[in-house]
Structures are given as structure tokens and as C-alpha cells.
Amino acid sequence: MMGLLQSSLITALPWLITRTGLSAGWWSVAMAAGMLPVVMGAPVWGRQADRRGGLRVLQLSSSVVLLAFALLLLVLIWQPIAIVLMVLVVLIRLLHGIGAGGIFPAAQRLVLSGFDPGGWAARLAGLQVAVHLGRLAGPGLMVVATVSGVPGALALVWMAAVLCCLTLARPAVAVPHPAEQQNQALRPGWRDGLPLYTLALAITVWVGVLQFVLGPVLARISGSSPETATALTGTALVIASVAAMVAGPLVHRHVRSVVWLGALWSLGLGAGGLQLVLAGSVAEIYLGVALLSMGVAVITPWYGAVLRQFSPEAGGQVAGRLTSLHTCGYGVGTLIGGALLEWYPDQALAVFPGLVLMVAVLALWAGKRGLPVN
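Conventions we followed
- Residues numbered from 1 in each chain as written.
- Predicted model: local features only at pLDDT ≥ 70, side-chain atom pairs only at ≥ 80, totals over all residues.
- Heavy atoms only, no water.
- Helix = DSSP H or I, 4+ residues; strand = E, 2+ residues; numbered from the N terminus.
- Expected span 1.5 Å × (residues − 1).
- Buried < 20%, exposed > 50% of the residue type's maximum accessible area, 1.4 Å probe, protein only.
- pLDDT = per-residue confidence, 0-100.
- Contact = heavy atoms within 4.5 Å.
- Polar contact = N/O pair within 3.5 Å; in protein donor to acceptor, adjacent residues only side chain to side chain.
- Patch = residues over 30% accessible without salt bridge, like charges linked within 9 Å, V, L, I, M, F, W, Y side chains within 5 Å.
- Areas by Shrake-Rupley, 256 points an atom, 1.4 Å probe, with all protein chains shown as cover.
- Salt bridge = Lys/Arg side-chain N within 4 Å of Asp/Glu carboxyl O.
- Disulfide = S-S within 2.5 Å.
- Core = buried A, V, L, I, M, F, W, Y, C linked by side-chain atoms within 4.5 Å.
- Phe/Tyr/Trp six-rings, centres within 6.5 Å; stacked < 30°, edge-to-face > 60°.
- Lys NZ or Arg CZ within 6 Å of the ring centre and 35° of its normal.

J.: I tried to follow helix 12 (residues 282-310) on my own but got confused; where do I start?
T.: Residues separated by three or four positions in an α-helix point in the same direction, a consequence of the helix having 3.6 residues per turn. Between its terminal C-alpha atoms helix 12 stretches 42 Å, which fits the 42 Å expected from 29 residues at 1.5 Å a residue. The buried fraction of helix 12 amounts to 22 of the 29 residues, a majority that puts the element mostly inside the structure.

This is the structure we're talking about:
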């Protein structure tokens, strides 16, 4: 549902700019405003998921997100004067962020309930696949549905999201009885998992940089028009999603040893980063993006599962903290990417070989701190 709604709105951005008369810069600010409640609210939602159960929190937070998307659609159809539209859109994005902050902690808490910790990484990888499927389905559904106009396409996307949420009425995963949640309201310390929390932040900073600089870099390398560069960027994002969908579940289903997992994510991150620096063509950029995405898809479920094993009674709170840190990382990465394009446009990808070194240092630090990395 989240992948579907987010990607559909980004796909409709050219229409939103034309329809409202508001600039692309203003829309980027409005979209970013929705991140603030996620950063602040995700840890709170996660604690509630531990206390009240993931299903109840997931139902409530999903309803808030669906309400916000419906209100945005109504405002766009109504099309009030510019100042009213600007205020309403920002308020709606803030409402969206409030709900979005609860969805990922609750979903992760719920999907791991009743399962052995040894399989947590594989189940978290499966959850990543669902998000990527939504991101792929959103643009495709928009293209098919635009025969009825963009508002009709967005309405169809909203209805598809509602159908996704109807599955929460009969969840297909184990749901602990509320009595089992009474002793799961402990607050885990940040210091215990600091190396892996830092790792979560740092990886998403790098991903945020890549997402922001990818389009301009492809435009420079290909020497193409903005329209063609947009298509090339979209293709790169599809490749990244497909690579992550394949690598994450496949590796975590068959590999449990942290030594082999470390070798695989180091191969993906290291080879991908080096490929991006040396790339001189669009195809080489695509290969670097695919390798990097595979490495991220392997390491992200790993540190998520390790942090939960260290504090199994507070899985929702751990998920909330990770959601908050990931959101911060994307924001910081976007700012760094903008600075790189402004001051070092020809070396905007030069930072990526450092990713594998940073990951190795933080993973070793986690082992020294006694986290259950195996």
C-alpha cells in the first residue's frame, strides 16, 4: 500500500505542477513536510505496537494514510486559490506523515510475531519485496488508468490501496493475544544498539545521495534531453527495485552465517560503489545501481533482525527507531546530493566506494559491543 501510494504521487508530479501552478521546488518542500511526523512519531507508534499489538496500530495508521490521500485528491479536484491550496496540501502531507510513521513499525512487529528469530531477516526481506512491488505497480497503474485522466487514475490507486488494507481484517500472520503484550512495554537503550542504529542512518544517507544525483548524472553521461533523462532515471529505479526484490529474500532464505552475509553485502556495496565511480555509460550506471541495491537489500534485514534479537520484547520500538533514522538518512542524503551536484557535479558519485568501508567498521563495532550478530 505504501509503495503504491508514494510512487503514484511521484509519477503524477508533472500533472500536479501543471494543475496547481505551484513550482516543482514548492512541491518538493510539501513532500518533505510529510517526513517530519515520521521522524518524530515512528518511535512513539513503535512503542504503542509493543503495548497494544501490531495489528491495532497498523489498522489505525493505515486508515490515517488513506484518509490523507483521499483529502489530497479532493483538494486537487476542488482546486482552490493558490494560498489556500498551499496551506491545505501541507496540512494533508503532515497528516499523511503521522499515519506513515506507524505503518512500518507496526507491520514489522506484526510480521515477526510468533516466528523464530532465526527467520526474522528473511521475513523482513519479504516485507521489503512488498514495498518494492508497490513502487513498481504504482507507475504502471497510473499509466494504464490515465485514459480517464490523472484524477481518475489517482482515485483508482486509492481504491487499490483500500483493498490492500482490507486484508488487515483477517491477517495472514500470527497475532499475539493482547495479554501477551503486557510485559512488552520495556524501553530498550539506544547505546546498546548504537553501532547498528548508526549503520541504518549511514546507509540511507548514501541511498538518499544516489536517488538525488542519479537523474542529473545520467543526463550528463548520456547527453540526452530532460525528458529522456527522466525515462533513464525511471529505468534505473526499476532495476534497483527488481535487484533488491531478488537478492534480499533469496540470500536470507538460504544464508544464515554472518560471515557469508558480510561477504555478500560487501561484494554488492563495494563492487557497486566502484562501478558507479568508474561508469562512463548508462549501462554501467545501471550495473552499479543493481549491485548497490543488492548489497543494501542483504544488509538492511540483517541489522533489523539483530537489533530485535537484542531486545525481542521491544520489536515495535526498534522498528520505530529504524523508521525514524531511515527517514532522517534520506533527508540528509538529499542535502548532500544537492551539495555534490552544486560544487562537484563531475564527481557526484565519488563518495560511493567509501560505503563498504563504513559498513565494515560499523559491523565490527557491533561485534565488539556484544550484539548478537550471528
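From this point, the narrative continues.
J.: For this particular structure, what's the right way to read the confidence of the model for the protein chain?
T.: The predicted model of the protein chain averages 84 in pLDDT, with 90% of residues at 70 or higher. pLDDT under 50 marks residues 177-185. Its contacts with residues more than four places away, or in other chains, come to 16 contacts.

J.: It is not clear to me how unusual backbone geometry should be interpreted in this structure. Could you clarify?
T.: The phi dihedral of glutamine 79 falls on the positive side, at around 55 degrees, and the residue is not glycine. Assignment of secondary structure puts glutamine 79 in the loop between helix 5 (54-78) and helix 6 (82-112).

J.: I would appreciate a short explanation of the side chain of threonine 300 in the present structure.
T.: By secondary structure assignment, the location of threonine 300 is in helix 12. On the basis of relative accessible area, threonine 300 is assigned to the buried category, the value being 14%. Engagement of the side chain of threonine 300 in a polar contact is seen with the backbone oxygen of valine 296, the distance being 2.7 Å. With residues near it in sequence (within four places) discarded, threonine 300 still touches Gln128 and His326.

J.: I keep staring at a nonpolar patch on the surface and nothing clicks. Help me out?
T.: A cluster of nonpolar side chains, Trp78, Ile81, Ile83, Val84, Val87 and Leu91, forms an exposed patch at the surface whose accessible area comes to about 610 Å². For the nonpolar patch, the element with the most residues is helix 6, which contributes 4 residues. Relative to the elements of secondary structure, isoleucine 83 occurs in helix 6.

J.: How should I be thinking about the state of the cysteines in this particular structure?
T.: Chemically, a disulfide is nothing more than a covalent bond linking the sulfur atoms of two cysteines. Scanning the model with the defined rule gives 0 disulfides in all. Not engaged in a disulfide, the cysteine cysteine 164 finds its nearest cysteine sulfur in cysteine 165; these two sulfurs lie 6.8 Å apart. Residue classification places cysteine 164 among the partly exposed positions, given a relative accessible area of 36%.

J.: Teacher, can you tell me more about the nonpolar core here?
T.: Across soluble globular proteins, you tend to see nonpolar side chains buried next to one another. Formed by 50 residues in total, the largest nonpolar core has its most connected members in Leu199, Ile203, Trp265, Ile285, Trp302, Tyr303 and Val359. Mapped onto this core, the elements with two or more residues apiece are helix 9 (194-222), helix 10 (226-254), helix 11 (258-278), helix 12, helix 13 (315-343) and helix 14 (353-368). The dominant element in this core, judged by the number of residues it contributes, is helix 9, at 14 residues. Setting aside anything within four residues of it in sequence, one finds isoleucine 203 in contact with Val296, Ile299, Tyr303, Leu355, Met358 and Val359. Leu4, Val38, Val65 and Ile92 belong to the second-largest nonpolar core, a separate cluster that totals 42 residues.

J.: How should the environment of proline 195 be read in this particular structure?
T.: The topology assignment puts proline 195 in helix 9. Separated by 158 residues in sequence, proline 195 and proline 37 place their C-alpha atoms 25 Å apart.

J.: Would you mind showing me how to read the packing of aromatic side chains here?
T.: How two aromatic rings sit relative to each other is set out by the distance from centre to centre and by the angle between their planes. Scanning the entire structure with this criterion turns up 1 aromatic pair. Both rings, one in tryptophan 265 and one in tryptophan 302, keep their centres 4.8 Å apart while their planes meet at 45 degrees; by these two values the pair is tilted. Of this pair, tryptophan 265 sits in helix 11 while tryptophan 302 sits in helix 12; the two residues are 37 residues apart in sequence, bridging distant segments of the chain. Judged on exposure class, the residue tryptophan 265 and its partner tryptophan 302 are both buried. Stacked on the ring of phenylalanine 115, the Lys or Arg arginine 123 has its end atom at 3.7 Å from the ring centre.

J.: Help me understand the pattern of salt bridges, please; the structure alone is not making it clear to me.
T.: Opposite charge on two side chains allows them to pair when their charged atoms are near. Counted by the stated rule, this structure contains 2 salt bridges. Aspartate 50 is the partner of arginine 109 in a salt bridge, and the nearest nitrogen-oxygen pair spans 2.7 Å. A residue pair is termed long-range when its members are at least 10 positions apart, and arginine 109 in helix 6 and aspartate 50 in helix 4 (residues 35-52) qualify at 59 residues. Judged by relative accessible area, which is 0%, aspartate 50 ranks as buried. Between aspartate 346 and arginine 220 there is a salt bridge, and its shortest N-O distance comes to 3.8 Å. With aspartate 346 in the loop between helix 13 and helix 14 and arginine 220 in helix 9, this residue pair connects regions lying 126 residues apart in the sequence. On the basis of relative accessible area, arginine 220 is assigned to the partly exposed category, the value being 43%.

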